[in-house]
Amino acid sequence: PENRTDHNQIQNIMSTLDNTFEPQTNAPIWKTALLGGGYASVAGILISLLMYLFDYNPMSGGFSGMLVMMLIGLILAGIFAAMAIKQYRDRENRGYVKYGTGLLISIVVSAVSGVGGQIWEYIMGTVIDPERYSKMAEAFAETWGKNMPEEALEQAMAKFEEGPQLLSILTN
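These numbers were taken from a predicted model, which means no experiment stands behind them.

K.L.:
What is the right way to look at the overall build of the chain in this model?
P.N.:
Summing up its helical and strand segments, the chain has seven helices and zero strands in all. Sequence-ordered secondary structure for the chain, helices as α and strands as β, is α-α-α-α-α-α-α. In the chain, which comprises 172 residues, the share counted as buried stands at 29%. Long-range contacts, defined here as pairs at least 24 residues apart, represent 71% of the contacts in the chain between residues at least 6 apart.

Below you can see the structure in the form of structure tokens.
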């Protein structure tokens, strides 16, 4: 008789878990997504700092130098978004995650990571190395100057000479 009670309790639990008629509520995503975005920002800042210390200028490598920087950012955001989705699924939402919820987590992680990186870029260009944008402009002109129309090159150089503008950085 005691075994029968355990079996009935297990059946009740399983029928509750398998019930698709009852609404399945999700755990809040914000703590996990914001934390994942923060970690991605810190990792990006550390990589950017290492590149700065080794005097890497993405404008001097031509298209491949800019591509490397973009790929690093995308890979970091992807890794930390995947880690945040996995943590949310395994630790906070009882082992499952809906597609839309996973997509929202990855968007939030990527957005927080992007904003953190842009704020870091502003700090780099104003506080740490105010000459950063002039160095980038010189490398840009050397790499791309021959392949661009004169007026396009002048517009690009004017943007570099403005330096980092907080409003444009945040909107980017």
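K.L.:
Please explain helix α5 (residues 132–144) as it appears in this structure.
P.N.:
For an α-helix the count is 3.6 residues per turn, leaving residues at separations of three or four pointing the same way. For α5, with 13 residues, the first-to-last C-alpha span of 18 Å sits near the 18 Å given by 1.5 Å per residue. Close packing links the buried residues of α5 with α2 (30–53), α4 (99–128) and α6 (150–162).

K.L.:
Would you mind going over the packing of α5 against α6 with me for this structure?
P.N.:
If you want to describe how two helices pack, look at the angle between their axes and the distance between the axes. Running from N to C, α5 and α6 cross one another at 165 degrees; their axes reach a closest spacing of 9 Å. Taken as axis vectors, α5 and α6 run roughly antiparallel relative to one another. Crossing handedness for the pair α5 and α6: right-handed. In contact with Tyr-133, Met-136, Ala-137, Phe-140 and Ala-141 of α5, α6 contributes Leu-153, Ala-156, Met-157 and Phe-160. Classifying every residue of the contact of α5 with α6 by side-chain character gives nine nonpolar, no polar and no charged.

K.L.:
Just to check I follow, could you spell out α2 for this structure?
P.N.:
Look at α2: 34 Å from first C-alpha to last across 24 residues, which is about the 34 Å you get at 1.5 Å a residue. Along α2, the residues classified as buried are Thr-32, Ala-33, Gly-36, Gly-37, Ala-40, Ser-41, Ala-43, Ser-48 and Met-51. Positive phi appears at Asp-55, one or two residues downstream of α2, with a value of about 60 degrees.

K.L.:
Can you walk me through the nonpolar core in this structure?
P.N.:
A general trend in soluble globular proteins is that nonpolar side chains are found buried together. One finds Ala-33, Phe-80, Tyr-88, Ile-105 and Val-109 to be the most contacted residues of the largest nonpolar core, which totals 13 residues. For this core, the secondary-structure elements that each account for two or more residues are α2, α3 (63–92) and α4. A total of five residues in this core trace back to one element, the largest contributor, which is α3. With residues near it in sequence (within four places) discarded, Phe-80 still touches Gly-36, Tyr-39, Ala-40, Ala-43 and Val-109.

K.L.:
How do you make sense of the confidence of the model for the chain when you look at a structure like this?
P.N.:
Do not read the predicted coordinates in detail wherever pLDDT is low. A residue-level look at the chain finds 79% of positions with pLDDT of 70 or above and a mean pLDDT of 80. Per-element averaging of pLDDT across the chain places helix α1 (residues 2–18) at the bottom with 56 and α2 at the top with 92.

K.L.:
So what exactly am I meant to see when it comes to the pattern of salt bridges here?
P.N.:
Pairing is possible between side chains that carry opposite charge, provided their charged atoms lie close to one another. Taken as a whole and assessed by the stated rule, the structure comprises four salt bridges. Taking the shortest distance from any N to any O, the salt bridge between Lys-86 and Asp-90 comes out at 2.7 Å. In this pair, Lys-86 and Asp-90 are both assigned in helix α3, four residues apart and thus about one turn of the helix distant. Owing to a relative accessible area of 47%, Lys-86 belongs among the partly exposed residues under this scheme. Judged by relative accessible area, which is 38%, Asp-90 ranks as partly exposed. With a shortest N-O distance of 2.9 Å, Arg-132 and Glu-121 are connected by a salt bridge. Highlighted residues: Arg-132 in helix α5 and Glu-121 in helix α4, separated in sequence by 11 residues. By relative accessible area, Arg-132 is classed as buried at 13%. Through salt bridges with shared partners, a single network forms among Lys-86, Arg-89 and Asp-90.

About the thresholds
Residues numbered from 1 in each chain as written. Predicted model: local features only at pLDDT ≥ 70, side-chain atom pairs only at ≥ 80, totals over all residues. Heavy atoms only, no water. Helix = DSSP H or I, 4+ residues; strand = E, 2+ residues; numbered from the N terminus. Buried < 20%, exposed > 50% of the residue type's maximum accessible area, 1.4 Å probe, protein only. Contact = heavy atoms within 4.5 Å. Expected span 1.5 Å × (residues − 1). Axes fitted to C-alpha atoms, helices over the stretch in contact; angles between N-to-C directions. Parallel < 35°, antiparallel > 145°, perpendicular 65-115°, else oblique. Left-handed = near helix turned anticlockwise from the far one by under 90°. Nonpolar A, V, L, I, M, F, W, Y, C, P; charged D, E, K, R; others polar. Core = buried A, V, L, I, M, F, W, Y, C linked by side-chain atoms within 4.5 Å. pLDDT = per-residue confidence, 0-100. Salt bridge = Lys/Arg side-chain N within 4 Å of Asp/Glu carboxyl O.

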